[in-house]
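Chain by chain, the residues:
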Amino acid sequence: MAYRLDLGMWNQVFAVPCALVDRHLKLAGKEQLQVILFALRHAGESFGPGDLAAALGMTEDSALDALDYWTDRGLLALQGEELRPVPQPQEPPVRPAPQAAPAPQPAVEGAAAQRAASESAPAERQLPPKKRLLRPDGVHLAARLAESENVRFLMQEAETTLGKTLSPAMTSLLLTITDDYGLPVEVTVMLLHYAKEVGKTGTAYIDSVARDWAESNIFTLEAAEQKLQDLSQRRLAWGMVEAAAGLPKRSPSKKEEEAAFRWVYQWGFSREMLSAAYDRCADNTGKFSAAYMNKVLEGWHSAGIRSVDQLEEAEHRKKEEAAKDGKSYDIDELERLSFFNLPEEL
């Protein structure tokens, strides 16, 4: 994905929005400020996370975290593959002084009581929209750290697990996962270990997994362990398909991942049988097609064919029957024709 901040006729002017200084200069971290200044300097030009990482000397995950920070704060909006500035009010609201804030303590206590009540019935939890305009700011985070030993423990464990100082975007996300999604701290720590294991420690990925767990009622260590086992099996299944088909390393689509899991763990096919299915797929389509492989493997599964020997025997028997009946077509030709009846996706 390529990001592009389009300021129209102002693309040649390196201006800094007042809202950035007034509201975010104190709370934003070094990497967040580097990214927004780079985007403003290169307004009108396309750039991706890799370009940001190379230019600013940071990882792509850090660059994505920084972009998420500004979109979460409402300063930028992602429309398709373009970043655009969000219109700001003529007179930016000034953060009220602590003494003028309307009863902050009762609000915190009320939130804590609501969280406790929702934890007793996790299936009824209503998650916030996937794209929140604002996440917890530094003031709220400081208050939660002061009042909750669990939150302090989560932040410490997150830094240890991820092996880096937490960005403001990550700390806000972890608080959102705890307070809004309702995942217990120990479950969130397991999630972070998994993200570290698969090499996906950006806020976007962790947020998507956390939402999925909350929507799937993964609120206990036992449920989390079962979920991690399922995720591990899906990774192993896709790895077998990659190896069997000689595919380059990449992340599968959700449908491809589900298909690989079905072929390996539900239908019990070996790597050799996956290779045989891919050979037929490549011969008849010229490419990897999960839909075509699924149709081939489904037929073998229904026929009880589990090994290459059984497959060769079945195909030899079909050819003999075809020759005996005096039919002029062959099985390979039928397989090629059947491809045109396949759906585009599984």
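Residues numbered from 1 in each chain as written. Predicted model: local features only at pLDDT ≥ 70, side-chain atom pairs only at ≥ 80, totals over all residues. Heavy atoms only, no water.

Draft legend 1. Here's a closer look at the overall build of the protein. Summing up its helical and strand segments, the protein has 16 helices and four strands in all. Within the protein, the proportion of its 346 residues that are buried is 40%. For the protein, the exposed surface amounts to about 19500 Å²; the carbon and sulfur share of it is 53%. (Helix = DSSP H or I, 4+ residues; strand = E, 2+ residues; numbered from the N terminus. Buried < 20%, exposed > 50% of the residue type's maximum accessible area, 1.4 Å probe, protein only. Areas by Shrake-Rupley, 256 points an atom, 1.4 Å probe, with all protein chains shown as cover.)

Draft legend 2. Representation of the nonpolar core. Ranked by internal contacts, the top residues of the largest apolar core, which has 32 residues, are Leu-174, Ile-177, Leu-183, Ile-206 and Trp-213. A total of eight residues in this core trace back to one element, the largest contributor, which is helix H9 (residues 185–198). Beyond its immediate stretch of four places on either side in the chain, Trp-213 contacts Leu-183, Val-187, Leu-191, Ile-218, Ala-224, Lys-227, Leu-228 and Leu-231. Within the second largest apolar cluster, 28 residues are counted, among which are Trp-263, Leu-274, Cys-281 and Ala-314. (Core = buried A, V, L, I, M, F, W, Y, C linked by side-chain atoms within 4.5 Å. Contact = heavy atoms within 4.5 Å.)

Draft legend 3. Representation of unusual backbone geometry. Here the phi dihedral of Asn-217 falls at roughly 60°; this positive angle occurs in a residue that is not glycine. Here Asn-217 is to be found in the loop between helix H10 (203–215) and helix H11 (221–245). Residue Asn-217 is classed as partly exposed on the basis of its relative accessible area of 36%.

Draft legend 4. How the structure looks around the packing of aromatic side chains. Following the criterion strictly, the structure yields four aromatic pairs and no others. Across the ring face of Phe-261, the terminal group of Arg-234 is positioned such that the distance to the ring centre comes to 4.5 Å. Between the NZ or CZ atom of Arg-306 and the centre of the ring of Phe-269, over which it lies, the distance is 5.6 Å. (Phe/Tyr/Trp six-rings, centres within 6.5 Å; stacked < 30°, edge-to-face > 60°. Lys NZ or Arg CZ within 6 Å of the ring centre and 35° of its normal.)

Draft legend 5. Local environment of the environment of Val-209. Structurally, Val-209 can be placed in helix H10. Here the alpha-carbon distance between Val-209 and Ala-195, two residues 14 residues apart in the chain, equals 8.9 Å.

Draft legend 6. How the structure looks around the environment of Asp-65. Within the fold, Asp-65 resides in helix H4 (residues 60–72). Under the relative-accessibility criterion, Asp-65 is labelled buried at 4%. Taking the C-alpha atoms as reference points, Asp-65 and Pro-49, 16 residues apart in sequence, are found 9.8 Å from one another. Beyond its immediate sequence surroundings of up to four residues, Asp-65 is in contact with Lys-164, Ser-167, Ala-169, Met-170, Thr-201, Gly-202 and Thr-203.

Draft legend 7. Spatial organisation of the confidence of the model for the protein. Here the protein averages 78 in pLDDT, and 71% of its residues register 70 or above. Throughout residues 104–123 the model reports pLDDT below 50, and contacts reaching past four residues in sequence, or to other chains, amount to 11 contacts. For residues 336–341, every residue scores under 50 in pLDDT, and the model assigns this stretch seven contacts once sequence neighbours within four places are set aside. (pLDDT = per-residue confidence, 0-100.)

Draft legend 8. Structural view of the pattern of salt bridges. Scanning all chains against the criterion turns up 11 salt bridges. For Arg-144, the salt bridge identified is with Glu-147, shortest N-O distance 2.5 Å. Note that Arg-144 and Glu-147 are positioned in helix H6 (residues 138–147) at a spacing of three residues, about one turn of the helix. Residue class for Arg-144 comes out buried when judged on its relative accessible area of 5%. One salt bridge in this structure joins Lys-254 and Glu-258, with 4.0 Å as the shortest N-O distance. Here Glu-258 and Lys-254 lie together in helix H12 (residues 254–266), a separation of four residues that amounts to about one turn. The exposure class of Lys-254 is exposed, given its relative accessible area of 60%. Overlapping salt bridges bring together Arg-144, Glu-147 and Asp-179 as one network. (Salt bridge = Lys/Arg side-chain N within 4 Å of Asp/Glu carboxyl O.)

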